[in-house]
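For reference, the chains in residue letters:
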Amino acid sequence: MIKYNLKCHNKHEFESWFSDSKEFDRLKNKKLVECIFCGSKKVEKSIMSPGVLNGKKEVNFFRDKTNKDLIKFKKDLQNLRKFVEKNFQYVEKNFANKVREVYYDKKSKKNIYGTTTKEEREELKEEGIDLVSLPWIDKEN
Ligand SMILES: [Zn+2]
């Protein structure tokens, strides 16, 4: 699952989850993505760089799932993790600084991931850099 910050042509901003990065484009082409405020179908992604959150909050999210769904959901998350590891460069604790490097260097098209503190995320947000947080799950179990 990937969370995108979306923005319609009336500048409404909202968040939505998609099963992968292609699903947004697929749904958009079918005109199935619409603004939750005004129903506009002119919706664009407004994310800059993906971020990965390593926290306990996401784990609690699993509780309400039945076991079968949980297994499938875990599998999806594991696949998502593999996808990120394959396509994104891990920058560890330097994430906040690296995000700025990528964000302010217009030529850079790097995909990076790492962990941030809540404070760092808020600082980046103030600079106009929105991150995407993903639930991070162990490969085994
Ligand atoms: Zn709207």
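Residues numbered from 1 in each chain as written. Predicted model: local features only at pLDDT ≥ 70, side-chain atom pairs only at ≥ 80, totals over all residues.

*Asks:* Can you tell me about the sheet that holds strand β3 (residues 43-45), naming the residues and giving the values?
*Replies:* Taken together, the three strands give an open sheet; going across it, the order is β2-β1-β3, and neighbouring strands pair in antiparallel fashion. Bordering the open sheet on either side are β2 (13-18) and β3, each of which pairs with just one other strand. For this sheet, the mean angle separating the axes of adjacent strands, direction not counted, is 40°. Relative to β3, strand β1 (residues 2-8) is paired through three bridges, and the arrangement is antiparallel. Note that in β3 the partner of K7 across the bridge is E44. (Pairing = 2+ DSSP bridges. Helix = DSSP H or I, 4+ residues; strand = E, 2+ residues; numbered from the N terminus. Axes fitted to C-alpha atoms, helices over the stretch in contact; angles between N-to-C directions.)

*Asks:* Give me the pairing of β1: which residues, what numbers.
*Replies:* When β1 meets β2, the two strands line up antiparallel, connected through six bridges. In the sheet register, N5 faces β2, and the bridge partner there is E15. In textbook terms, the turn of a hairpin is the stretch between consecutive antiparallel strands, and for β1 and β2 this stretch comprises four residues, one of which, K11, has a positive phi near 70°.

*Asks:* Give me unusual backbone geometry: which residues, what numbers.
*Replies:* Located in the positive-phi region is K11, a residue other than glycine, with phi close to 70°. Tracing the chain through its elements places K11 in the loop between β1 and β2. On the basis of neighbour counts, which here come to 9 C-beta atoms within 10 Å, the residue K11 falls in the exposed class. Here K31, not a glycine, exhibits a phi torsion of approximately 60°, which is positive. By the element assignment, K31 lies in the loop between α1 (21-29) and β3. (Buried ≥ 20, exposed ≤ 12 C-beta atoms within 10 Å, placed from the backbone.)

*Asks:* Give me the lowdown on the nonpolar core, citing residues and values where you can.
*Replies:* Core analysis: the biggest nonpolar cluster contains eight residues, these being F95, A96, V99, V102, I112, Y113, L124 and L131. For this core, the secondary-structure elements that each account for two or more residues are α4 (95-104) and β6 (112-113). The element that contributes the greatest number of residues to this core is α4, accounting for four residues. Counting residues in hydrophobic clusters, the runner-up holds six residues, among them Y4, C8, V33 and V43. (Core = buried A, V, L, I, M, F, W, Y, C linked by C-beta atoms within 7 Å.)

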